[in-house]
Amino acid sequence: MSGKTPQKHLKAEAMRPPFPLKDIALQSGLSLATVDRALHGRGHVAKATGLRVEAAIAELERQYAEARIGGRRLVIDVVMETPQRFSNAVRAAFEAELPGMRPASLSARFHVAETMEERDLLAILKRIRRRGSHGVVVKVPSTPAIAAMAAELMASGIPVVTLVTDLPATVRQGYVGMDNRVAGSTAAYLLARMAGPAQGKVLVTLSSARFSGEEERERGFRDALEKDAPHLGIVTISEGFGVDRTTERLVKAAVVSHPEIRAVYSIGGGNRAILRAFAEEKRRIDVFAAHDLDADNRALLAEGRLTFVIHHDLRQDARSACQMMMAHHRMLPRDFQVAPSRVAIATPHEVM
């Protein structure tokens, strides 16, 4: 029975060859006459010949399917509430990665602002849902209303991917970025060893407690510092949104209230403002740890004003986000998984 199967299968398709005979012949390496006999059941066709024709047809089907996908264009939306220096870095990462994405071609629409009211973010996401999108990448606060809106996008067939800071796993397709708790623990490990044994406090700055990723970094930092350097206390400030004016005001108040502060872990950015606040109060910073290798932080590292910067590969994040979108649209396996970005450390020597 097994020897007749290929011929029976091919004979069933005899009236309508799936591809031009010359294409099947070229793919299989057989002559036109042999392919014609195999497809139409004319004369004896060896089992091996039938299998070669079947394999050629299967390969042509795969190639045609890839060609159809390759011609498809996906448009995604990137929605971020973040300081401009970070949104510029994210935009550059996507624009560098998008031209090379395969098998589809992708383009991105950006919706960014340094600060947004929740109602404005919700309005943007609602417009995207009404207009349609092949996917939404978000760096937004984790609030009940925004989580509910993300769930609505998912229910309408628009995948949501979180970037750097997360939403509940039930309302998004996936997360891209580094493990924020590990990043905070790494910062504490390095800062504790650099600060030495003297008593003091570390100023930890968040842009906003509404971002779950920042809370994870702060929690990882606090837990590790208590273990590695119990002689160093922590003073946390928040709601500066990484914007210079508000950040400087909050930092200055903390420095005045806590003369023991001698190190900084800047999670939320605004590092030039932090440095100005310390300088105006004539206070030194023994160790200054920051996040993200944006243009500002590269310059501050090169000047020796930052001690080290925790960062990760934003291009990998952009690539992973796009791959998640393609998996949702069945252009990659549906169970496609991405790993968190590797936590990396930059020192002044790397940017000089």
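Residues numbered from 1 in each chain as written. Predicted model: local features only at pLDDT ≥ 70, side-chain atom pairs only at ≥ 80, totals over all residues. Heavy atoms only, no water.

In the nomenclature of an unreviewed UniProt entry, the protein is known as DNA-binding protein of Agrobacterium albertimagni AOL15.

> Quick rundown of the side chain of Arg262? Include the residues and the values.
Looking at the secondary structure, you find Arg262 in strand 8 (residues 261-266). According to the relative accessible area criterion, Arg262 is buried, its value standing at 11%. Within the structure, Arg262 has its side chain in polar contact with the backbone oxygen of Ala195 (distance 3.1 Å). Among the polar contacts made by the side chain of Arg262, one reaches the main-chain carbonyl oxygen of Ala198 at a distance of 2.6 Å. Ignoring any residue separated from it by four or fewer positions in sequence, one finds Arg262 in contact with Ala195, Gly196, Ala198, Gln199, Gly200, Lys201, Leu232, Arg284, Ile285, Asp286 and Val287. (Helix = DSSP H or I, 4+ residues; strand = E, 2+ residues; numbered from the N terminus. Buried < 20%, exposed > 50% of the residue type's maximum accessible area, 1.4 Å probe, protein only. Polar contact = N/O pair within 3.5 Å; in protein donor to acceptor, adjacent residues only side chain to side chain. Contact = heavy atoms within 4.5 Å.)

> Could you give an account of the UniProt feature "domain: HTH lacI-type" (unreviewed entry) in the protein, with specific residues and numbers?
Look at the UniProt record and you will see "domain: HTH lacI-type" (unreviewed entry) annotated at residues 21-60. Helix and strand shares over residues 21-60 are 78% and 0% respectively, and the end C-alpha atoms of the span are 12 Å apart. (UniProt positions renumbered as here; feature names shortened; annotations may be inferred.)

> Give me the packing of helix 11 (residues 271-280) against helix 12 (residues 295-302): which residues, what numbers.
Packing of helix 11 against helix 12 leaves a shortest axis separation of 10 Å and a crossing angle of 45°. It follows that helix 11 is oblique to helix 12 by the angle criterion. Counting all contacts with helix 11, which are made through Asn271, Arg272 and Leu275, the residues of helix 12 involved are Asp296, Asn297, Ala299 and Leu300. For the contact of helix 11 with helix 12, a count of residues per class yields three nonpolar, two polar and two charged. (Axes fitted to C-alpha atoms, helices over the stretch in contact; angles between N-to-C directions. Parallel < 35°, antiparallel > 145°, perpendicular 65-115°, else oblique. Nonpolar A, V, L, I, M, F, W, Y, C, P; charged D, E, K, R; others polar.)

> A description of the packing of aromatic side chains should follow, citing residues and the corresponding values.
Applying the stated criterion to the full structure yields two aromatic pairs. Considering the side-chain rings of Phe94 and Phe110, the 6.3 Å spacing of their centres and the 80° angle between planes classify their relative orientation as edge-to-face. Residue Phe94 is found in helix 5 (residues 84-97), and its partner Phe110 is found in strand 2 (residues 105-113); the two are separated by 16 residues along the sequence. What makes Phe110 buried here is its relative accessible area of 18%. If you follow Arg91 out to its NZ or CZ, it ends over the ring of Phe110, 4.4 Å from the centre. Positioned above the aromatic ring of Phe211, the side-chain terminus of Lys139 is 4.3 Å from the ring centre. (Phe/Tyr/Trp six-rings, centres within 6.5 Å; stacked < 30°, edge-to-face > 60°. Lys NZ or Arg CZ within 6 Å of the ring centre and 35° of its normal.)

> Please give an account of the environment of Val138 that cites residues and values.
With respect to the helices, strands and loops of the structure, Val138 is situated in strand 3 (residues 136-139). Once the C-alpha coordinates of Val138 and Pro259 are considered, the two residues, 121 residues apart in sequence, prove to be 38 Å apart. Apart from residues lying up to four places away in sequence, Val138 is in contact with Val79, Leu125, Val160, Val161, Thr162, Leu163, Thr165 and Leu167.

> Run through empty space enclosed by the protein, naming residues and quoting values.
Empty space among the atoms can be located by rolling a probe the size of a water molecule over them. Per the stated rule, a full pass over the model turns up two cavities of 30 Å³ or more. Taken as a whole, the largest cavity holds about 280 Å³ of empty space. As for the largest cavity, its lining consists of 24 residues, of which Thr82, Glu214, Ile267, Gly268 and Asp292 are closest to the centre. The set of elements that each furnish at least two residues to the lining of the largest cavity consists of helix 5 and helix 9 (212-228). The element contributing the most residues to the lining of the largest cavity is helix 9, with three residues. Residue-level mapping places the lining of the largest cavity at the junction of two domains, with at least three residues from each of domain 2 (72-177 + 316-330) and domain 3 (180-311). One number sums up the size of the second largest cavity: a volume of about 60 Å³. Taken together, Thr205, Leu206, Ser207, Ile237, Ser238, Gly240, Gly242, Thr247, Leu250, Gly268 and Gly269 make up the full set of residues lining the second largest cavity. Each residue belonging to the lining of the second largest cavity can be placed in one class, and the counts come to three nonpolar, eight polar and no charged. (1 Å grid on protein atoms, 1.4 Å probe; cavity = no way out; pocket = protein on both sides within 12 Å on 5 of 7 lines; lining within 4 Å. Points joined across faces, edges and corners; volume = space filled by probe spheres on them. Domains from an automatic or database assignment.)

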